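# Structural characterization, general
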Amino acid sequence: MAVAEYEQLLGKLRQLRLSRMAELLDAALKEAASSSMTYLDFLRRLVDEEFRARQERAVAARVVKSRMPAIKTLESFDFSYQPSLNPRKVWELAELRFIERHENLVILGPPGVGKTHIALALGFRACQAGYKVLFTTLTDMAAQLRASHADSTFLNALKTYTAPELLIIDEVGYLPVEEQVANYLFQVVARRYEQASIILTSNKSFTEWGKMLGDTVLAGAILDRLLHHATVLTINGPSYRMKDKLQMLGRKEGQS
Ligand code: ADP
Ligand code: MG
């Protein structure tokens, strides 16, 4: 192919936003010329690469939009450190049928046992599978909704938390909640009920929710809807954050 023709083709591929194909064209042409590749194989290879690159970009964009603070995977989760957690149950959740069925997941346990890690890992998988995901903490969500109340954009703000196919509400119970937080949480949980999934993490057992939210009746109404179609994972183990420290202490004791 003449240089001018080649440059023209590259320009058109870029205009059509087939950037991966443009990137690979030179190498693909050289390979095709020196092999017995069919025309169909040649085109298919370029199109497959473009397709894959686009999917990767779409996943990356969904991850950014999800506002997840980190990328975590189940592959990097050490199940042997948390024997109270059934790996089979977690891997089943990773198939994401609960999102398809608009069911919820509640992860309970003390600090450092991997609640957020598992929530993030499932959130990442959901992004990979094409779902719209949003990550928030209860404190942040309540602050956003409260601010929107003040400037009367409440219904719009509420949509931020009702629209995603998966909403992750992290750290329910860590900080003392202010007035109205129970109300905001109820609004979100009730609107998503049987419509879209929530993953919620908390260090408080359900019996403590009335006190935590400062309203027993609302806490009951929230739990009723949240748990109607839900999986509850309880992790009762040592904090992973302490793992290295405990190991170091163990070693020191062993030495002395
Ligand atoms: P929690 O939300 O329960 O307080 P995190 O999920 O934030 O705990 O876990 C604390 C840190 O330890 C994170 O960096 C997380 O990735 C890591 N972590 C926790 N449990 C495990 C585990 N079983 N295997 C690997 N990393 C873990
Ligand atoms: Mg956490």
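Residues numbered from 1 in each chain as written. Chains lettered and ligands numbered in written order. Predicted model: local features only at pLDDT ≥ 70, side-chain atom pairs only at ≥ 80, totals over all residues. Heavy atoms only, no water.

## Topic: the overall build of the chain
Condition: Here a helix means four or more residues in a row that DSSP labels H or I, a strand means two or more in a row labelled E, and each is numbered from the N terminus. Our radius of gyration looks at C-alpha atoms and nothing else; its globule reference is 2.2 Å times the residue count to the power 0.38. Any two residues whose heavy atoms approach within 4.5 Å are treated as being in contact. All accessibility values rest on the Shrake-Rupley procedure with a 1.4 Å probe; residue burial counts only the protein chains present in the view.
Scanning the chain from terminus to terminus reveals twelve helices and five strands. Against the compact-globule benchmark of 18 Å for 256 residues, the chain has a radius of gyration of 24 Å, which places it well outside the compact range. Along the first, second and third principal axes, the C-alpha atoms of the chain reach 75 × 65 × 30 Å. Taking contacts inside the chain between residues at least 6 apart in sequence as the whole, the part at least 24 apart equals 79%. When the accessible surface of the chain is totalled, it reaches about 14900 Å², and 54% of it is carbon and sulfur.

## Digging into the site of ligand 1
This is how the line gets drawn: For this description, a residue counts as near a given molecule or strand if any of its non-hydrogen atoms is within 4 Å of it. Any N or O atom pair separated by 3.5 Å or less is treated as a polar contact, with the protein-specific requirement of one donor-capable and one acceptor-capable atom, and with residues adjacent in sequence counted only for side-chain atom pairs. Residue classes follow a fixed rule: Ala, Val, Leu, Ile, Met, Phe, Trp, Tyr, Cys and Pro count as nonpolar, while Asp, Glu, Lys and Arg count as charged, and any other residue, Gly among them, counts as polar.
In the neighbourhood of ligand 1, 15 residues make up the surrounding shell, with K72, D78, G112, T116 and H117 lying closest. Between D78 and ligand 1, the recorded distance is 2.7 Å, taken from a backbone N or O atom to a nitrogen atom. Measuring from an oxygen atom of ligand 1, one finds a backbone N or O atom of V113 at 3.2 Å. Protein contact buries 85% of the 550 Å² of open area that ligand 1 shows by itself. Split by residue class, the shell around ligand 1 holds six nonpolar, five polar and four charged.

## Overview of the packing of aromatic side chains
Inclusion rule: Between the rings of Phe, Tyr and Trp (Trp by its six-membered ring), a pair exists once the centres lie within 6.5 Å; its type follows the angle of the planes, with under 30 degrees stacked, over 60 edge-to-face, and the other angles tilted. Each residue's exposure class comes from its accessible area (1.4 Å probe, protein chains only) as a fraction of the maximum for that residue type: buried when under 20%, exposed when over 50%, partly exposed otherwise.
Enumeration according to the criterion identifies four aromatic pairs in this entry. Residues F77 and F79 carry aromatic rings whose centres are separated by 4.9 Å and whose planes lie at 70° to one another, so their mutual orientation is edge-to-face. By the burial criterion, F77 is buried, and F79 matches it.

## Considerations on helix α8 (residues 154–162)
What sets the pattern is the α-helix's 3.6 residues per turn: residues three or four places apart point alike. Rule in force here: By definition, the arc is the one covered by directions from the helix axis to the C-beta atoms.
Looking at α8, one finds that the buried residues are F154, A157, L158 and Y161. Down the axis of α8, the sector holding all buried residues measures 105°, keeping them to one side. Along α8, the residues that are exposed and aim more than 90 degrees away from the buried face are L155, N156 and K159. The inward-facing, buried residues of α8 contact β2 (133–137), α7 (138–150), β3 (166–172) and α9 (181–192).

## Considerations on the domain arrangement of the chain
Quick reminder of the rule: An automatic or database domain assignment supplies the residue ranges for each domain. Buried area: the accessible surface (1.4 Å probe) lost by two parts on joining, summed over both. Criterion for a salt bridge: a side-chain nitrogen of Lys or Arg within 4 Å of a carboxyl oxygen of Asp or Glu.
Along its sequence, the chain is organised into domain 1 (3–65) and domain 2 (74–242). One C-alpha centre belongs to domain 1, the other to domain 2; they are set 41 Å apart. Every contact between the two is made by four residues of domain 1 and, on the other side, seven residues of domain 2. Taken together, the two surfaces of domain 1 and domain 2 that pack against each other cover about 430 Å², and 65% of this comes from carbon and sulfur. Where domain 1 touches domain 2, the interface holds zero salt bridges. Where domain 1 packs against domain 2, one counts one residue pair in polar contact (both at pLDDT 80 or more). Residue composition of the side of domain 1 that touches domain 2, by class: two nonpolar, no polar and two charged.

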